[in-house]
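A structural walkthrough
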Amino acid sequence: MGLHKGILISVEGIEGTGKTTLVARLKAHYAERNVQLLTTREPGGTPHAELVRNILKSNHSQMSAISELLLMFASRSLHLDDFIKPKLQAGEVVLVDRYVDASYAYQSGGRQIDIDKIAWLDNLVCGQYQPNIVILLTCKPDIAMQRVKKRAEALDRIEHEELSFFERAQQVYLERVQSRENSLIINSEIGSDLVFEKAVAHLDAYIL
């Protein structure tokens with residue numbers, strides 16, 4: 001990109017695909033190899049951005065699709081300014097549990113907002129700070145949501161959506177990622193160990 005010396009990696013996917021587990025395993029794996037991955041998440045990632053995350057996730061929050069979209073990018077803007085940009089400019093490797101592709105998937109695919117509105121916000125907020133590498137985890141939405149419901153946690157506002165919402169979101173994810181250079185799509189139904197192995201095999205070429 002010519003903008004910074006660092007590497008920005010995003011792990012994407014609908015709920016229940018194993019993103020958070022993969023991010024944690026990758027961080028631990030590369031730490032053992034003396035490679036530091038700075039891990040973070042969206043929405044959230046910094047104290048102020050996490051406050052916005054709480055609003056977005058809360059079942060007590062009633063909001064329009066546009067309000068949700070704007071809050072997502074407000075949280076992302078805080079996250080970029082306070083964490084991602086400085087770390088990338090310092091030459092660090094940043095691994096984020098969801099990034100801007102999630103807004104295309106969820107707000108354009110899921111909520112069916114005009115994709116041009118999302119692209120405009122993407123350009124305004126993220127600009128050239130686009131992911132160098134995207135790892136997309138896929139899963140049949142019904143299987144993914146069965147996994148979510150087995151967790152010992154109450155469903156959040158977005159997890160209460162219908163299966164069709166997640167089907168649309170995953171389709172947009174696939175459309176965005178499958179033709180992108182340096183990116184990898186993994187069907188997470190193969191199990192977390194194989195997902196991890198495939199992700200490591202892909203990342204080694206870029207970060208070792």
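Below is a short write-up of the structure. All values derive from a computational prediction rather than experimental measurement. Residue positions within a chain follow its written sequence, with the count starting from 1. In view of the model being predicted, local features appear only for residues whose pLDDT reaches at least 70, and side-chain atom pairs are presented and counted only at 80 or more, with totals across whole chains, interfaces and linings using the full set of residues. Excluding hydrogens and water, the side-chain figures rest on all heavy atoms present in the structure.

1. Some remarks on unusual backbone geometry
Rule in force here: What counts as a helix is a DSSP run of H or I of at least four residues, what counts as a strand is a run of E of at least two, and both are numbered from the N terminus.
In this chain, Glu-42 is followed by Pro-43 through a cis amide linkage whose omega measures -10 degrees. Along the chain, the position of Pro-43 falls in the loop between strand 2 (37-41) and helix 2 (47-57). Phi is positive for Arg-98, close to 75 degrees, though the residue is something other than glycine. With respect to the helices, strands and loops of the structure, Arg-98 is situated in the loop between strand 3 (93-97) and helix 4 (101-110). With a phi angle near 65 degrees, Gln-112 is a residue other than glycine that sits in the positive phi range. On the secondary structure map, Gln-112 appears in the loop between helix 4 and helix 5 (115-125).

2. Section: the packing of helix 1 (residues 19-32) against helix 8 (residues 192-207)
Counted only if it meets this: Here, axes are lines fitted to C-alpha atoms. For helices the fit covers the stretch in contact, and angles between N-to-C directions go from 0 to 180 degrees. Orientation is classified from the angle alone, with under 35 degrees giving roughly parallel, over 145 giving roughly antiparallel, 65 to 115 giving roughly perpendicular, and any other angle giving oblique. Two helices cross in a left-handed way if the nearer one is turned anticlockwise from the farther one by less than a right angle. They cross in a right-handed way if the turn is clockwise. Here, residues are in contact when the closest pair of their heavy atoms is within 4.5 Å. Each residue gets one label: Ala, Val, Leu, Ile, Met, Phe, Trp, Tyr, Cys and Pro are nonpolar, Asp, Glu, Lys and Arg are charged, and the others, such as Gly, are polar.
Contact geometry for helix 1 and helix 8: axes closest at 10 Å, N-to-C directions at 50 degrees. Between helix 1 and helix 8, the interaxial angle falls into the category oblique. Helix-helix and strand crossings are classified by hand; for helix 1 and helix 8 the assignment is right-handed. On the side of helix 1, the interface is formed by Leu-22, Arg-25, Leu-26, His-29 and Tyr-30, while helix 8 contributes Ser-192, Asp-193, Val-195, Phe-196, Ala-199, Val-200, Leu-203, Asp-204 and Ile-207. Across the contact of helix 1 with helix 8, the residue classes tally to nine nonpolar, two polar and three charged.

Functional significance is not addressed by these values, which are geometric in nature.
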